[in-house]
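Understanding the architecture of this molecule
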Amino acid sequence: ADKRWFADMVAYMDHEVGRLVNQIDELGLGEDTLILFLGDNGTSPAITSPTVSGPYLGGKGGPKRNGTHVPMLARWTGAGPRGAVCHDLIDTTDFLPTMVQAAGARVPAA
C-alpha cells in the first residue's frame, strides 16, 4: 500500500468533518443532530500507521486488538458530558437502541 498520502488524507478528512460539524452548528442543529464517526475494523495488515505511541501495524479483519480497536467519536451538543472518553468495547449493533430512543421512537419487536 502506498503510504505517501496517509498524512494528507487524514488532514483532509479532518478538514471535511470539521466543515460538516461547523455547518450543523451554523444552522443551529447541534442539539438535534447526533454525529457518529468511526472506522471499520482497522487498517490493512500491509499498513503500519504512525501514532503518538509509535508505529501500529494494521489488522483489518482479524480478531486481535489491531483489527477491532478503532477510534469512534460521538457528538450531540448538550446530550452528554463534553470530552468524555469511554474505553469499553462497543459494537455498531449497539447503536440501534440509542438512535431509536434519540429519535423518540421504540425498537421494533423482533
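Placed above this text is the structure.
These remarks concern the structure in this document. (Residues numbered from 1 in each chain as written. Predicted model: local features only at pLDDT ≥ 70, side-chain atom pairs only at ≥ 80, totals over all residues. Heavy atoms only, no water.)

This part is about the overall build of the protein. Each helix and strand counted, the protein has three helices and four strands in total. The secondary structure elements of the protein, listed N-terminal to C-terminal, are α-β-β-β-α-β-α. Over its C-alpha atoms the protein spans a radius of gyration of 17 Å, topping by over 25% the 13 Å that the globule rule assigns to 110 residues. Across its three principal directions, the C-alpha atoms of the protein cover 45 × 40 × 20 Å. Of all 110 residues assigned to the protein, the portion counted as buried reaches 12%. A fraction of 51% describes how many contacts in the protein between residues 6 or more apart in sequence connect residues 24 or more apart. Of the roughly 9,100 Å² of accessible surface on the protein, a fraction of 59% belongs to carbon and sulfur atoms. If you average the places of the 9 positive and of the 12 negative side-chain charges in the protein, the two averages end up 7 Å apart. (Helix = DSSP H or I, 4+ residues; strand = E, 2+ residues; numbered from the N terminus. Rg over C-alpha atoms; globule rule 2.2 N^0.38 Å. Buried < 20%, exposed > 50% of the residue type's maximum accessible area, 1.4 Å probe, protein only. Contact = heavy atoms within 4.5 Å. Areas by Shrake-Rupley, 256 points an atom, 1.4 Å probe, with all protein chains shown as cover. Lys, Arg positive; Asp, Glu negative; His and termini not counted. Charge placed at Lys NZ, Arg CZ, Asp CG, Glu CD.)

Taken together, the side chains of Met13, Phe37 and Leu73 define a hydrophobic patch exposed on the protein surface, amounting to about 310 Å² of accessible area. Counting through the fold element by element, Leu73 comes out in strand β4 (residues 72–75). (Patch = residues over 30% accessible without salt bridge, like charges linked within 9 Å, V, L, I, M, F, W, Y side chains within 5 Å. Salt bridge = Lys/Arg side-chain N within 4 Å of Asp/Glu carboxyl O.)

Moving on to helix α1 (residues 6–26). Taking 1.5 Å of rise per residue, 21 residues should cover 30 Å, and α1 covers 30 Å from first to last C-alpha, within 8% of that figure. Downstream of α1 by one or two residues, Gly28 has phi in the positive range, about 70 degrees. (Expected span 1.5 Å × (residues − 1).)

With that settled, consider the side chain of Ser49. Note on placement: Ser49 falls in strand β2 (residues 48–51). In this structure, Ser49 is in contact with Phe6, Thr43, Gly54, Pro55 and Tyr56, ignoring residues within four places of it in sequence.

Another aspect to go through is the pattern of salt bridges. Tallying each qualifying case throughout the model produces two salt bridges. Notably, a salt bridge pairs Arg19 with Glu16, separated by 3.0 Å at the nearest N-O pair. Of this pair, Arg19 and Glu16 both sit in helix α1, three residues apart, which is roughly one turn of that helix. The partly exposed category is assigned to Glu16, whose relative accessible area is 25%. Where Asp25 meets Arg75, a salt bridge forms, and the shortest distance between an N and an O atom there is 2.7 Å. With Asp25 in helix α1 and Arg75 in strand β4, the pair connects residues that are 50 residues apart, well separated along the chain. We classify Asp25 as partly exposed; its relative accessible area is 35%.

Another point: the environment of Val10. Relative to the assigned elements, Val10 resides in helix α1. Accessibility expressed as a relative area gives 44% for Val10, which makes it partly exposed. With 16 residues separating them along the chain, Val10 and Glu26 place their C-alpha atoms 24 Å apart.

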